[in-house]
Amino acid sequence: YRKLTGYHGYWPVDMRNTEPRWGTMDEFKGMVAEAHQHHMAVIIDFVSNHFHQSNPLVAQHPDWFSRLELADGSPNIRLYDLHPFDTWFDAFLPDIAYDRSSEATDYMTDTAVWWIHQTHADGFRHDAVKHVPLVFWESCTRKLNEQITNLGQEFTSNIASSTGSITVTKDQLEGLPPEYVASH
């Protein structure tokens with residue numbers, strides 16, 4: 001069924017480094033600086049829903065992740081409509097359980113801030129936004145407290161859960177279900 005799950009490599013192993021096949025951190029910083037000289041903005045692709053199982057944080061903090069097996073023993077894989085915030089995309093991609101771990105929320109939102117401060121990028125393209133609980137988005141928005149662009153990618157198997165575009169404070173996130181709408 002999902003033989004090509006990993007064609008894109010969206011599974012962070014090191015949250016504070018570039019993907020080696022795409023270059024070094026210094027090369028990325030240089031590219032951002034060059035883009036800015038030409039009045040272009042740079043958006044970082046940020047995966048906040050899951051890690052790869054080989055990410056050291058998986059072994060160091062198992063409490064940060066949802067369980068691979070449901071209470072009845074069945075696999076918690078690709079149950080997007082039944083368990084949107086804690087289903088795993090695949091058996092090697094542990095899902096971050098933000099609602100159970102404020103430490104995971106702090107780490108990931110601090111990491112988002114770190115990327116902006118280290119690279120001077122202009123914003124984020126967030127992967128799989130409908131699978132990340134509101135607690136992450138509220139914390140991330142609060143910590144970034146500056147004008148940056150946030151774009152969210154979402155594909156849904158349930159067309160009724162897609163809401164088009166909404167605004168959450170300064171950020172523009174596309175395709176979020178209604179439970180994400182918050183007024184500040």
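Throughout, a residue's number is its position along its own chain's written sequence, starting from 1. Two thresholds apply to this predicted model, a pLDDT of at least 70 for residue-level local features and 80 or more for giving and counting side-chain atom pairs, whereas whole-chain, interface and lining totals are computed over all residues. The basis for every side-chain value is the complete set of non-hydrogen atoms in the structure, without hydrogens or water.

The phi dihedral of histidine 39 is positive, around 60°, even though this residue is not glycine. Strands here are runs of E lasting at least two residues and helices are runs of H or I lasting at least four, both read from the DSSP assignment and numbered beginning at the N terminus. Relative to the helices and strands, histidine 39 is located in the loop between helix H1 (25-37) and strand E1 (43-46). Notably, histidine 120 is not glycine yet its phi reads approximately 65°, a positive angle. On the secondary structure map, histidine 120 appears in the loop between helix H3 (102-119) and strand E2 (123-126). Relative accessibility under 20% of the residue-type maximum defines a buried residue, over 50% an exposed one, and the middle range a partly exposed one, all with a 1.4 Å probe and only protein chains included. Judged by its relative accessible area of 53%, histidine 120 is exposed.

With that settled, consider the pattern of salt bridges. Salt bridges are counted wherever a side-chain nitrogen of Lys or Arg sits within 4 Å of a carboxyl oxygen of Asp or Glu. For the structure on display, the rule yields 5 salt bridges. In this structure, glutamate 19 and arginine 21 form a salt bridge, with 3.5 Å as the shortest nitrogen-oxygen distance. You can call arginine 21 exposed: its relative accessible area is 52%. Connected through shared salt-bridge partners, Asp106, Asp110 and Lys143 make up one network.

For every element, the axis is a line fit to its C-alpha atoms; helices are fit only across the contacting stretch, and the angle between N-to-C directions ranges from 0 to 180 degrees. In the contact formed by H3 and helix H4 (residues 134-144), the axes pass within 9 Å of each other and the chain directions differ by 40°. With respect to their mutual orientation, H3 and H4 come out oblique. The element H3 and its partner H4 pack so that their crossing is right-handed. Contacts between H3 and H4 pair Thr105, Asp106, Met108, Thr109, Asp110, Ala112, Val113 and Ile116 from the former with Val135, Phe136, Ser139, Cys140, Lys143 and Leu144 from the latter. Amino acids are sorted into nonpolar (Ala, Val, Leu, Ile, Met, Phe, Trp, Tyr, Cys and Pro), charged (Asp, Glu, Lys and Arg) and polar (every other residue, Gly among them). In terms of residue class, the contact of H3 with H4 is made up of 8 nonpolar, 3 polar and 3 charged. Note on terminology: angles under 35 degrees are roughly parallel, angles over 145 are roughly antiparallel, angles of 65 to 115 are roughly perpendicular, and the others are oblique. For a crossing to be left-handed, the near helix must be turned anticlockwise from the far one by less than a right angle; the clockwise case is right-handed. Residues are treated as being in contact if the distance between any of their heavy atoms lies within 4.5 Å.

Successive side chains on a regular strand alternate, one facing one side of the sheet and the next facing the other. Residue alternation in E1 divides its side chains into a buried set, Ile44 and Phe46, and an unburied set, Ile43 and Asp45. Being paired, for any two strands, means DSSP has found at least two bridges between them. Relative to E2, E1 is paired through 4 bridges, and the arrangement is parallel. Paired with isoleucine 44 across the strands is phenylalanine 124, a residue of E2.

The values reported here are purely geometric and, on their own, carry no functional implication.
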